[in-house]
Amino acid sequence: MATDTTLPSPKGTTPPRLDRRARLVLFVLCAAQFMVALDFSVLNVALPELGRDLGLGPSSLQWAVTAFALPSGGFLLLFGRIADLYGRRRLFLTGLAVFGAASLLATFAWDPASFLAGRALQGLGAAVIVPTGMSLITTTFPEGPRRERALGISGTLLSLGFTVGMLLGGVMTDTLGWRSTMGLLALFTLIVLPLAPGLLTESRTPLRPRLDVPGAVTVTGGLLAVIYALSTAADRGFGGADVIVTLVAGVALLTAFAVVETRSPAPLVSLPMLRRRTVAFGNLGGLVTFSMMSTVVFVLTLYLQETLGLPAYVTGLVFGVQGVLSVIAGTFAPRVIGRFGAPRVLVFSLAGQGLFVAALLGLGTQSGALLATVGVSLASMCHLGAIISYGLTVTSGVPDGEQGLATGLVTTTQQVGLTVGIPLLGVLATTRESLFEGIRMVLAIDAVVVVGTAVVVGVALRRVRA
């Protein structure tokens, strides 16, 4: 077995291998992240059957997704900071327990209210697991090749979880029913939770400043309002009074949060940290890569099944190829980052993702399955590079005492990106008279946004080296 080391490896060499305990720690943390990513997509295919079973009408089905997305995106920063102050391991274990209990509640739900309560509690557990898991990774594995390798594995599993969820959701719903999708998440928790206490060590900031309550209230309320507005707009459009009111309220609360943070003695988000170019523009790249890639997966699912009329299992094979190539990309990404640096890899990964999405504009109404498979797979490989490199870009150089803040921003970016992409662009595809033309419009906008972001991030980080 290779000797574990914290010394940086020479540029371009293979990152040092992890010892047995380090691999077990990484397994626990990555399994928890994978479980949360799985939860974002595993239920999607099961929604029609779920609605029939529990009596949720078509207009109410979106709440099966929104009930999870609201707390999971809204409470991330708050729990990331609480973990810094009171113990990351303690909060991580609490989040796992809440997530597991909530998954059991959703599995055995007897009516819409009990099911939505389970989904909301799942989201709350996810809001604890994701930032604490990420900060435990960055504080357990020192900055350098070991952290690059750990975040590479974590990023790969995070992206793979979304794809695997789509595949498993269809298979399990057809064979075992929709409840099995929630039962799978409970099973994951039962595997991870018993292992975690003996492997993870406690970490927190050496100082214990007061929690920034006004900041916590404004940022949590603002994120909840914005995510609610975008999720509702995906179902009913942007013209509803509740959508407009909550969107305006969300923006106002987030503006108030920025003002509060300038005056707080112990801010939830350190504005000087946001003034770091690596933090600000790294998170911009992360937000764009997550939101735009989730949108591509959504519209391609519509294209393959609604436009080409392909069966669900063929669609599953397309995304299965995407998942395999994503794993391959995640394996090699740390080596590429070690050679060229995270900021540079982030820029080129974003550019590649945008260009391969642009290639999907060649899809036709009669054929296009092969182009869709190749295009989305190559775009996903670049997407994996962007995920891993943006996490490293944001967290590199940040002191251990502020890793919870930095990783809270990273994971908030991930969750908000996964949440807002489909409501913002997916609605354009589903509300146009021609679905195919709507899909083409979304793909074109998607490609322009990603390539444009690559240019902006590249200019901003041109002087930054890993």
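Rules used in this analysis
Residues numbered from 1 in each chain as written. Predicted model: local features only at pLDDT ≥ 70, side-chain atom pairs only at ≥ 80, totals over all residues. Heavy atoms only, no water. UniProt positions renumbered as here; feature names shortened; annotations may be inferred. Helix = DSSP H or I, 4+ residues; strand = E, 2+ residues; numbered from the N terminus. Buried < 20%, exposed > 50% of the residue type's maximum accessible area, 1.4 Å probe, protein only. Contact = heavy atoms within 4.5 Å. Areas by Shrake-Rupley, 256 points an atom, 1.4 Å probe, with all protein chains shown as cover. Expected span 1.5 Å × (residues − 1). Polar contact = N/O pair within 3.5 Å; in protein donor to acceptor, adjacent residues only side chain to side chain. Core = buried A, V, L, I, M, F, W, Y, C linked by side-chain atoms within 4.5 Å. Salt bridge = Lys/Arg side-chain N within 4 Å of Asp/Glu carboxyl O. Axes fitted to C-alpha atoms, helices over the stretch in contact; angles between N-to-C directions. Left-handed = near helix turned anticlockwise from the far one by under 90°. Nonpolar A, V, L, I, M, F, W, Y, C, P; charged D, E, K, R; others polar. Phe/Tyr/Trp six-rings, centres within 6.5 Å; stacked < 30°, edge-to-face > 60°. Parallel < 35°, antiparallel > 145°, perpendicular 65-115°, else oblique.

Under an unreviewed UniProt entry, the name given to the protein chain is MFS transporter, and the source organism is Streptomyces kurssanovii. As its UniProt record puts it under Subcellular location (unreviewed entry), the protein chain is described as follows: "Cell membrane".

## With respect to the overall build of the protein chain
Within the protein chain, the regular secondary structure consists of 17 helices and 0 strands. Relative to its 466 residues, the protein chain shows a buried fraction of 57%. For the protein chain, contacts bridging at least 24 residues in sequence account for 83% of all contacts bridging at least 6. Summed over all atoms, the accessible surface of the protein chain reaches about 18,400 Å², with 68% contributed by carbon and sulfur.

## Side note on helix 12 (residues 277–307)
Between its terminal C-alpha atoms helix 12 stretches 43 Å, which fits the 45 Å expected from 31 residues at 1.5 Å a residue. Counted residue by residue, helix 12 has 22 buried out of 31 residues, so it is predominantly covered. Backbone geometry just downstream of helix 12 places Gly309 in the positive-phi region, at approximately 70°.

## As for the environment of Thr278
Take Thr278: it is sitting in helix 12. Sequence-wise, Thr278 and Thr393 are 115 residues apart; in three dimensions their C-alpha atoms are separated by 5.7 Å.

## Regarding the side chain of Ser114
With respect to the element layout, Ser114 can be found in helix 6 (residues 112–140). Polar side-chain contacts of Ser114 include one of 3.0 Å to the backbone nitrogen of Trp110. Discounting chain neighbours no more than four positions away, the residues touching Ser114 are Leu105 and Ala109.

## As for the nonpolar core
Proteins that are soluble and globular tend to have nonpolar side chains buried together. Phe92, Phe115 and Leu300 are the most contacted members of the largest nonpolar core, which totals 104 residues. What Phe92 contacts, discounting residues up to four positions off in sequence, is Val28, Leu29, Ala32, Val128, Ile129, Thr132, Gly133, Leu136, Ala196 and Leu200. Membership of the second largest hydrophobic core comes to 8 residues, among which are Phe79, Ala83, Ala127 and Ala216.

## Re the pattern of salt bridges
Side chains that differ in sign of charge can pair as their charged atoms come close. This structure, assessed with the given rule, holds 2 salt bridges. One salt bridge in this structure joins Arg119 and Asp39, with 2.6 Å as the shortest N-O distance. Of the two residues, Arg119 is situated in helix 6 and Asp39 in helix 1 (residues 20–41); the sequence distance between them amounts to 80 residues. Across the pair, exposure class does not vary: Arg119 and Asp39 are buried alike. Ionic pairing is found between Asp53 and Arg179, a salt bridge with its closest N-O pair at 3.3 Å. With Asp53 in helix 2 (residues 47–54) and Arg179 in helix 8 (residues 179–199), the pair connects residues that are 126 residues apart, well separated along the chain. The partly exposed category is assigned to Arg179, whose relative accessible area is 28%.

## Points about the side chain of Thr107
Tracing the chain through its elements places Thr107 in helix 5 (residues 88–107). Look at Thr107 and you get buried, because its relative accessible area is 9%. At 3.1 Å, the side chain of Thr107 and the backbone nitrogen of Gly183 are in polar contact. In contact with Thr107, other than residues within four places in its own chain, are Arg179, Met182 and Gly183.

## Re the packing of helix 1 against helix 6
Geometrically, a packed helix pair is captured by the angle between its two axes and the distance between the axes. Relative to each other, helix 1 and helix 6 sit at 145°, their axes nearing to 9 Å. Classified by chirality, the crossing of helix 6 by helix 1 is left-handed. Along the contact surface, helix 1 presents Val25, Leu26, Leu29, Ala32, Gln33, Met35, Val36 and Asp39, while helix 6 presents Arg119, Gln122, Ala126, Ile129, Val130, Gly133, Met134, Leu136, Ile137 and Thr140. Residue composition of the contact of helix 1 with helix 6, grouped by class: 12 nonpolar, 4 polar and 2 charged.

## Points about the packing of aromatic side chains
One pass over the structure, following the stated rule, counts 4 aromatic pairs. Consider the rings of Phe34 and Phe188, whose centres lie 5.7 Å apart with planes at 50°: the pair is tilted. Taken together, the residues Phe34 in helix 1 and Phe188 in helix 8 connect sequence positions 154 residues apart. Look at Phe34 and you get buried, because its relative accessible area is 13%.

## Remarks on the packing of helix 4 (residues 76–86) against helix 5
Following both chains from N to C, one finds helix 4 and helix 5 inclined at 135°, their axes separated by 7 Å at the closest point. When the axis of helix 4 is compared with that of helix 5, the two are oblique. Between helix 4, through Phe79, Ile82, Ala83, Asp84 and Tyr86, and helix 5, the contact on the second element is made entirely by Arg88, Arg90 and Leu91. Split by residue class, the contact of helix 4 with helix 5 holds 5 nonpolar, no polar and 3 charged.

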